[in-house]
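# Fold and geometry: a report
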Amino acid sequence: MYNWNDIIRKIRKTQKQLRFAFACFPHGDDDRYVDSVNKIGIEYNVVSIEKQEGKDAQIVYHIFMEPSGAGFFADFNKLLAYLYFADQMNMIPVVEFSEESRYAEDHPVNGTTNPFEYYFDQPGDIKLQDIRNYGCVVKSKRENVILANNLNDQKGGYTKTERHLDEMGRIFEKYIRVNSTVRNLLHEDWKKLGTMEGKILGVHVRGTDFKWNYNGHPIIVSPEEYLKKAEDIYGEGNYNHIFLATDDKSALKLFQDRFGEKLCFYQDATRDDGMESVMNSASSRPNHHYLLGYEVLRDMYTLASCDGLVAGLSQVSYAARICKRSRNEKYDIEMILNKGINYHKRYNCPNERRGSVDGR
């Protein structure tokens, strides 16, 4: 006779196994994911502790930012999530950007070979080469960012709640400090913008490769749409100047034609009029890759210093809003143009084969 209790238990066990298999299936080509799953149950070191000799008993959190092929602030905003994890776990963060980063040079910049330190001081005042002096070093894992992502009520890399922005503002204020070299450069470049008296409306126009409408990325907002919204707010909000941050030459010309001398922008920034990201651009200028990072960092800090903001869903505008909150400030007008997210699954990222702009 059949033992129905045993049969039911086997059915439930099989259901669990199938649910797990379906959950793992999309990650079957991710070697790191497969390797991690295979190690569960046989590897005790599930937190990747880098045990080293040293006298200090403090726990150091070694944030290693793997090469992603993403833009400067896509990685930066992910770094904030790692720093949030360190903060919650009461660990001292030490940050290392891969030498394969899009912004890395093949030689030291500002006295370091760590691309993070090209621009920033270490958040915990521990130099990368000194972590060997600490008795316990925990290495970051991609899954650590989930803790910060859980602050969002919605899923997706371009949907950030007020709670998330506020917490990342707190993390920014606590841990992010540009180094003295970059700080001096920023002050000198701000002077070159000229006199910007009164209220300033910051506008960020994301163009170039966004025109491909990548799957999972925001539907592109045209320069004309940005201009129309900027015109409306500029007139209604009694602004005196507009600061434009853009990677797109056509957007710059459009705003120049409309606002003339009222428009401020960095004249030496790298821009393009095509559909290729400027981070992939080539140039003979010294330290080109480092300067690409500096230029977008400069744009972000300037946008964060403006009184109002017009922007789309982009990593740069998110960073500017977070930076603004890190100072306990808010824009008097914060207009985010949101046309939704692409979910066509035609092409996902700049490294994949591209179809046409509309996804066909």
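All residue numbers refer to positions counted from 1 along the written sequence of the respective chain. Note on the predicted model: pLDDT of at least 70 is required for a residue's local features to be given, and 80 or more for side-chain atom pairs to be given and counted; whole-chain, interface and lining totals, by contrast, use all residues. Side-chain numbers come from the whole structure's heavy atoms, not from hydrogens or water.

### Concerning the pattern of salt bridges
The condition that has to hold: Salt bridges are defined by distance alone: a side-chain nitrogen of Lys or Arg within 4 Å of a carboxyl oxygen of Asp or Glu. Each helix corresponds to a stretch of at least 4 residues labelled H or I by DSSP, and each strand to a stretch of at least 2 residues labelled E; elements are numbered beginning at the N terminus. A simple rule labels every residue: compare its accessible area, found with a 1.4 Å probe on the protein chains alone, to the largest value its type can have, and call it buried under 20%, exposed over 50%, or partly exposed in between.
One pass over the structure, following the stated rule, counts 20 salt bridges. Residues Arg 177 and Asp 125 are paired through a salt bridge, measuring 2.8 Å at the closest nitrogen-oxygen approach. Of this pair, Arg 177 sits in the loop between helix H6 (162-175) and helix H7 (180-192) while Asp 125 is found in the loop between helix H4 (115-119) and strand E4 (134-139), placing the two residues 52 residues apart along the sequence. Residue Arg 177 is classed as partly exposed on the basis of its relative accessible area of 29%. Overall, Asp 125 belongs to the exposed group, its relative accessible area being 64%.

### Points about unusual backbone geometry
One non-glycine residue, Asn 110, lies in positive phi territory at about 50°. Structurally, the position occupied by Asn 110 is in the loop between strand E3 (92-97) and H4.

### Topic: the packing of aromatic side chains
Where we set the bar: Only centres within 6.5 Å qualify two rings of Phe, Tyr or Trp (six-membered ring in Trp) as a pair; their planes then separate them into stacked at under 30 degrees, edge-to-face at over 60, and tilted for everything else. The rule is short: NZ of Lys or CZ of Arg within 6 Å of the ring centre and within 35 degrees of the ring normal puts a charge over the ring.
In this structure the tally under the stated criterion is 17 aromatic pairs. Above the plane of the ring of Tyr 239 lies Lys 199, whose end atom (NZ or CZ) is 4.5 Å from the centre. When the ring centre of Tyr 266 is taken as reference, the NZ or CZ atom of Arg 298 above it lies at 4.0 Å.

### Points about the side chain of Asn 77
For the record, the criterion: Polar contacts, as counted here, are pairs of nitrogen or oxygen atoms within 3.5 Å of one another; within protein the pair requires one atom able to donate a hydrogen and one able to accept it, and residues that are adjacent in sequence qualify only if both atoms are side-chain atoms. Contacts are assigned to residue pairs with any non-hydrogen atoms lying within 4.5 Å of each other.
Note that Asn 77 resides in helix H3 (residues 72-88). Judged by its relative accessible area of 13%, Asn 77 is buried. At a separation of 2.8 Å, a polar atom in the side chain of Asn 77 contacts the side chain of Gln 315. The residues contacting Asn 77, other than those within four sequence positions of it, are Gln 315, Tyr 318, Ala 319 and Ile 322.

### Let's talk about the environment of Ser 222
Mapped onto the elements, Ser 222 comes out in the loop between strand E5 (200-205) and helix H8 (223-236). Judged by its relative accessible area of 23%, Ser 222 is partly exposed.

### Re the environment of Ala 104
When you line up the elements, Ala 104 lands in the loop between E3 and H4. Ala 104 sits in the buried class, given a relative accessible area of 11%. Between the C-alpha atom of Ala 104 and that of Leu 291, which follows or precedes it by 187 residues, the distance is 9.9 Å. The contact partners of Ala 104, leaving out residues within four places of it in the chain, are Ser 98, Glu 99, Pro 115, Tyr 118 and His 289.

### Section: the side chain of Ser 98
Looking at the element boundaries, Ser 98 is found in the loop between E3 and H4. Not counting residues up to four positions away in its chain, the partners in contact with Ser 98 are Phe 64, Met 65, Glu 66, Pro 67, Ala 104 and Pro 115.

### Side note on H8
Because each turn of an α-helix spans 3.6 residues, side chains separated by three or four positions in sequence point in the same direction. What counts, and what does not: Under the convention used throughout, the expected extent of a helix is 1.5 Å for every residue step, that is, one less than its residue count. The reported arc concerns the directions from the helix axis to the C-beta atoms and nothing else.
Between its terminal C-alpha atoms H8 stretches 20 Å, which fits the 20 Å expected from 14 residues at 1.5 Å a residue. Residues of H8 that are buried include every one of Pro 223, Tyr 226, Leu 227, Ala 230, Ile 233 and Tyr 234, and no others. With its buried residues spanning 140° around the axis, H8 presents them on a single face. Relative to its buried face, H8 has exposed residues pointing more than 90 degrees away, namely Gly 235 and Glu 236. Packed against the buried residues of H8 are E5, strand E6 (241-246), helix H9 (249-259), strand E8 (308-312) and strand E9 (333-337). Following H8 by one or two positions, Asn 238 adopts a phi angle in the positive range, close to 55°.

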